[in-house]
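Here's the letter readout for the chains.
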Amino acid sequence: MKGRVLIVAGSDSGGGAGIQADIKAVSALGGYAATAISALTAQNTQGVFAIHAVPPAFVRQQMELVLDDIGADCVKTGMLASVAIIEAVAASLDSHATGVKLVVDPVMVAKGGASLLADDAARAMIDLLVCRAALITPNIPEAEVLLGRPIAGVAAMEAAARDLLALGCGAVLLKGGHLEGDDLVDVLVQPQGVTRFASRRIATTSTHGTGCTLASAIACGLAQGMDLAAAVGRGRVYVRRAIETAPGLGRGHGPLNHLHAIGAYEW
């Protein structure tokens, strides 16, 4: 086991996304997952039916107790729900995790359409977390909110990712799964250049938690000392195989097979 990842995110009662997906992904890739839960959700493959945010002070206590004792090689954030929770996470990073790599997955909307971030929280996320992140991993709708403009096509994705990079983060992985067509392109923009990752779309409804899973897989790679592009490449292969071997559970957007070939990705 190599690479400690502290995950700050919401719990998914259906087990397909959020903290549950994060723990499975990091564990399957040979890392150690610790958690600070920011929200509880009542959900299944058909949607999110209720959200209960965790008090910000308790989110901070979870983080700081883990960081004081176990430590972390990378921190990954997912659903943070509110401005107050974002502020608590930023304060904990300032006091207990200076110099620790941060991966920010700016979770805003669930696969079924439910809002997972308060309307006034996007600015706080930019000012307090995006600006200090080693990597942010927005999908196109999330990037549109962060930038305040539509993104249509791969060329527009690259321009958008460059503008997101200008917000102060170290790198941007803009995911293209929301664009139409059978060819999918994710764009990784770093100060030194652009890398495109292309694949074919898989015809399936088993896509719940893909964003959470990919961000945690990349965070695990960074915690294990991998180069960013290599961590993204491994993470994308891991997620694709998890989709291809998904168990087909539920009547909506089903979960992935996070534990496929467990141990095969040890680094």
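Cut-offs and rules
Residues numbered from 1 in each chain as written. Predicted model: local features only at pLDDT ≥ 70, side-chain atom pairs only at ≥ 80, totals over all residues. Heavy atoms only, no water. Pairing = 2+ DSSP bridges. Helix = DSSP H or I, 4+ residues; strand = E, 2+ residues; numbered from the N terminus. Contact = heavy atoms within 4.5 Å. Buried < 20%, exposed > 50% of the residue type's maximum accessible area, 1.4 Å probe, protein only. Axes fitted to C-alpha atoms, helices over the stretch in contact; angles between N-to-C directions. Parallel < 35°, antiparallel > 145°, perpendicular 65-115°, else oblique. Left-handed = near helix turned anticlockwise from the far one by under 90°. Nonpolar A, V, L, I, M, F, W, Y, C, P; charged D, E, K, R; others polar.

**A look at the pairing of strand β3 (residues 47–53)**
Item 1. In terms of strand pairing, strand β2 (residues 32–44) meets β3 through six bridges, oriented antiparallel. Paired with L40 across the strands is H52, a residue of β3.

**So, the side chain of Q62**
Item 1. Tracing the sequence through the fold places Q62 in helix α2 (residues 56–69).
Item 2. Those residues in contact with Q62 that sit more than four places away from it in its chain are T35, A36, I37 and V54.

**Some words on unusual backbone geometry**
Item 1. With a phi angle near 75 degrees, A81 is a residue other than glycine that sits in the positive phi range.
Item 2. Residue classification places A81 among the buried positions, given a relative accessible area of 13%.

**Things to note about the pairing of strand β9 (residues 193–200)**
Item 1. In terms of strand pairing, strand β8 (residues 183–190) meets β9 through eight bridges, oriented antiparallel. Paired with D186 across the two strands is F197, which belongs to β9.

**A closer look at the packing of helix α7 (residues 210–223) against helix α8 (residues 228–244)**
Item 1. In contact at an axis separation of 8 Å, α7 and α8 are set at 140 degrees when each is read in the N-to-C sense. When the axis of α7 is compared with that of α8, the two are oblique. As for how α7 packs across α8, the hand of that crossing is right-handed. Contacts between α7 and α8 pair T210, T213, L214, A217, I218, C220, G221 and L222 from the former with L228, A231, V232, R234, G235, R236, Y238, V239 and I243 from the latter.
Item 2. Grouping the amino acids of the contact of α7 with α8 by side-chain chemistry returns eleven nonpolar, four polar and two charged.

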